Amino acid sequence: MTPREVLDFAKKNKVEVVDLRFVDLLGTWQHFSIPVSELTLDLFKDGSGFDGSSIRGWKMIQNSDMLVIPDPNTARLDPFTEIPTLSMICNVEDPITRSVYERDPRGVAQRAEQYLKSTKIGDVSYWGPEAEFFIFDHASYDQNAHSGFYFIDSEEGIWNSGKEGHNLGSRPRHKEGYFPVAPTDSQQDIRSEMVQEMVKAGIPVEKHHHEVATAGQGEIDLRFDSLVNMADKMLMYKYIVKNVARRHNKTVTFMPKPVFGDNGSGMHTHQSIWKDGKPTFAGKEYAGVSQTCLYYIGGILKHAAAIAAFTNPTTNSYKRLTPGFEAPVLLAYSSRNRSAGIRIPMYSPSPKAKRIEVRFPDPSCNMYLAFSAMLMAGLDGIQNKIDPGEPMDKNLYDLEPEEAANIPTLPGSLEQALSGLEADHEFLLKGGVFSEDLIEAWINYKRANEVDAIRVRPHPYEFFLYYDV
């Protein structure tokens, strides 16, 4: 929509409140609301002010004034508010310079799209993330000086099969959730309702299904879109999934590894580059891809340790990235082979369907930063003709130790990933897409608030291991 069309849309739908949303450094939507009387054409030019010092990883209090500038193309009716509410996603600007704030993740993604065009490698990159999540019936947790615990429960959890009393017993066993019909899959209707809300919000959905793990793991796949558009949609995706679950007195988490002993939640990310309406990844090389595509893969593999700081940005991410639970830890590529870090899907022979699937990201990431980091790594691979090496078409989980030792691996912890980013980020700075300031802020925030915070606290399992020493 144009700004004028947004005003007409709001009047037609009797909107009373306008919700202005933006994404913080870590990837969570923030918002404030204004009465519809404040929705004027000037809002799209002059914006609305807020305190940036209260946003994680952003401005200091001495220069905290910031502006949000709504994007009219993102205007949607909110399906979860009682009072008719129109939501819009905003860019964040400095009120003095009127430039996009360099730590605004959406601004990073917009610069990544602009940089792609400037390279002449392509006009547009397309993205298709497959975000997984758990639907629980209960989640409680706390940590203080003298105790620490978490407790999650799901009516669908295999651990509930032995409960006394009325028990119908239809629950997926560990690693067997993919994907029997009801009653074992008890969440068909709730996922369908999530899809309905997405479609009403203008988000095309390809499919939904139960995922591998017990206890309510699910996946909803969106039809591909360009980088910024898809990142916008993924924030709406999370919003809808969580709020539909709340309607049913359930709770959703996108934590990568909330359940011990079963598969975690990943976000396999399909991606491709097109130019002049043609797919640049289609060709006559291995698995029907182009040399451009192979170089793109080479860039992802070379810079994987650095981009993992954005694609797998939590300490919990590395509890998923362990052998034996379908999470790819080896930095290799292959066609059809889901044990490789990068897969070339072979569902269709059409050149238009040719793409790569990076399998190690997870849905805890900031979508704008994760997509941008992968694109910049791939473009660096194309620009510098980085050879990805030979494909690995065997099951990498079953390699002999001496053979596996020759294949590079992802970082084993968030600290290692942050160190990888610290040592290797020049490729992210090209075209001013990322800035030294943003990367430094990211590393410092993650180390101080996550790595160190986990490191200094006793873990409940340590009492099991060490209490009687």
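The paragraphs below set out a description of the structure included in this document. This structure is a prediction, so every number in the text was calculated from the model and none was measured.

**So, the overall build of the chain**
Right, so step 1: A tally of helices and strands in the chain yields 14 helices and 18 strands.
Right, so step 2: The C-alpha atoms of the chain give 23 Å as radius of gyration, which agrees with the globular expectation for 469 residues (23 Å, within 12%).
Right, so step 3: By principal-axis analysis of the C-alpha atoms, the chain measures approximately 65 × 60 × 50 Å.
Right, so step 4: Across the 469 residues that make up the chain, the buried fraction comes to 54%.
Right, so step 5: In the chain, the share of contacts with a sequence separation of at least 24, taken over all contacts with a separation of at least 6, comes to 69%.
Right, so step 6: Entry remark: accessible area of the chain is about 21700 Å², with carbon and sulfur atoms responsible for 52%.

**Overview of the layout of surface pockets**
Using a probe with the size of a water molecule, rolled over the atoms, empty space left in the structure can be pinpointed.
Right, so step 1: For the second largest pocket, the calculated volume is near 820 Å³.
Right, so step 2: Lining the second largest pocket are 40 residues, with Glu 130, Asp 221, His 270, Tyr 347 and Glu 357 positioned closest to its centre.
Right, so step 3: Residue assignment for the lining of the second largest pocket shows that the elements contributing at least two residues are strand 7 (124–136), strand 10 (205–210), strand 11 (217–222) and strand 14 (267–275).
Right, so step 4: Top contributing element to the lining of the second largest pocket by residue count: strand 7, with 6 residues.
Right, so step 5: The class makeup of the residues in the lining of the second largest pocket is 13 nonpolar, 10 polar and 17 charged.

**A look at the packing of aromatic side chains**
Right, so step 1: The final tally for this structure, using the stated rule, is 21 aromatic pairs.
Right, so step 2: Seen in terms of ring centroids, Phe 32 and Phe 50 are 6.4 Å apart; in terms of plane orientation they differ by 35 degrees. Their pairing is tilted. With Phe 32 in strand 2 (residues 29–35) and Phe 50 in strand 3 (residues 48–51), the pair connects residues that are 18 residues apart, well separated along the chain.
Right, so step 3: A relative accessible area of 14% places Phe 50 in the buried class.
Right, so step 4: Joined through ring pairs, the aromatic side chains of Phe 22, Phe 32, Phe 50, Trp 58 and Tyr 101 make up one cluster.

**Some words on the environment of Glu 102**
Right, so step 1: Relative to the assigned elements, Glu 102 resides in the loop between strand 6 (85–93) and helix 3 (105–119).
Right, so step 2: On the basis of relative accessibility, which here comes to 34%, the residue Glu 102 falls in the partly exposed class.
Right, so step 3: A sequence separation of 270 residues divides Glu 102 from Ser 372, and the C-alpha atoms of the two residues are 14 Å apart.
Right, so step 4: Apart from the residues within four sequence positions on either side, Glu 102 is in contact with Val 108, Arg 111, Ser 435, Asp 437 and Leu 438.

**A closer look at the pairing of strand 8 (residues 138–143)**
Right, so step 1: As defined by bridge partners, strand 8 adjoins strand 9 (residues 148–153) across 6 bridges and the pair is classed as antiparallel. Counterpart to Ala 139 in the pairing with strand 9 is Ile 152.
Right, so step 2: What sits between strand 8 and strand 9 in their antiparallel hairpin is a turn of 4 residues.

**Structural notes on the nonpolar core**
Right, so step 1: Ranked by internal contacts, the top residues of the largest apolar core, which has 124 residues, are Leu 39, Met 194, Tyr 237 and Phe 434.
Right, so step 2: Among the nonpolar cores identified, the runner-up in size contains 6 residues, and Ile 152, Ala 213, Ala 215 and Val 259 belong to it.

**Quick look at the packing of helix 3 against helix 5 (residues 227–247)**
Right, so step 1: One can describe the packing of helix 3 onto helix 5 by two numbers: an axis separation of 9 Å at closest approach and a directional angle of 155 degrees. Between helix 3 and helix 5, the angle falls in the class roughly antiparallel. In contact with Arg 106, Ala 109, Gln 110 and Glu 113 of helix 3, helix 5 contributes Leu 227, Val 228 and Asp 232.
Right, so step 2: Of the residues belonging to the contact of helix 3 with helix 5, the class tally is 3 nonpolar, 1 polar and 3 charged.

Definitions and cut-offs
- Residues numbered from 1 in each chain as written.
- Predicted model: local features only at pLDDT ≥ 70, side-chain atom pairs only at ≥ 80, totals over all residues.
- Heavy atoms only, no water.
- Helix = DSSP H or I, 4+ residues; strand = E, 2+ residues; numbered from the N terminus.
- Rg over C-alpha atoms; globule rule 2.2 N^0.38 Å.
- Buried < 20%, exposed > 50% of the residue type's maximum accessible area, 1.4 Å probe, protein only.
- Contact = heavy atoms within 4.5 Å.
- Areas by Shrake-Rupley, 256 points an atom, 1.4 Å probe, with all protein chains shown as cover.
- 1 Å grid on protein atoms, 1.4 Å probe; cavity = no way out; pocket = protein on both sides within 12 Å on 5 of 7 lines; lining within 4 Å.
- Points joined across faces, edges and corners; volume = space filled by probe spheres on them.
- Nonpolar A, V, L, I, M, F, W, Y, C, P; charged D, E, K, R; others polar.
- Phe/Tyr/Trp six-rings, centres within 6.5 Å; stacked < 30°, edge-to-face > 60°.
- Pairing = 2+ DSSP bridges.
- Core = buried A, V, L, I, M, F, W, Y, C linked by side-chain atoms within 4.5 Å.
- Axes fitted to C-alpha atoms, helices over the stretch in contact; angles between N-to-C directions.
- Parallel < 35°, antiparallel > 145°, perpendicular 65-115°, else oblique.

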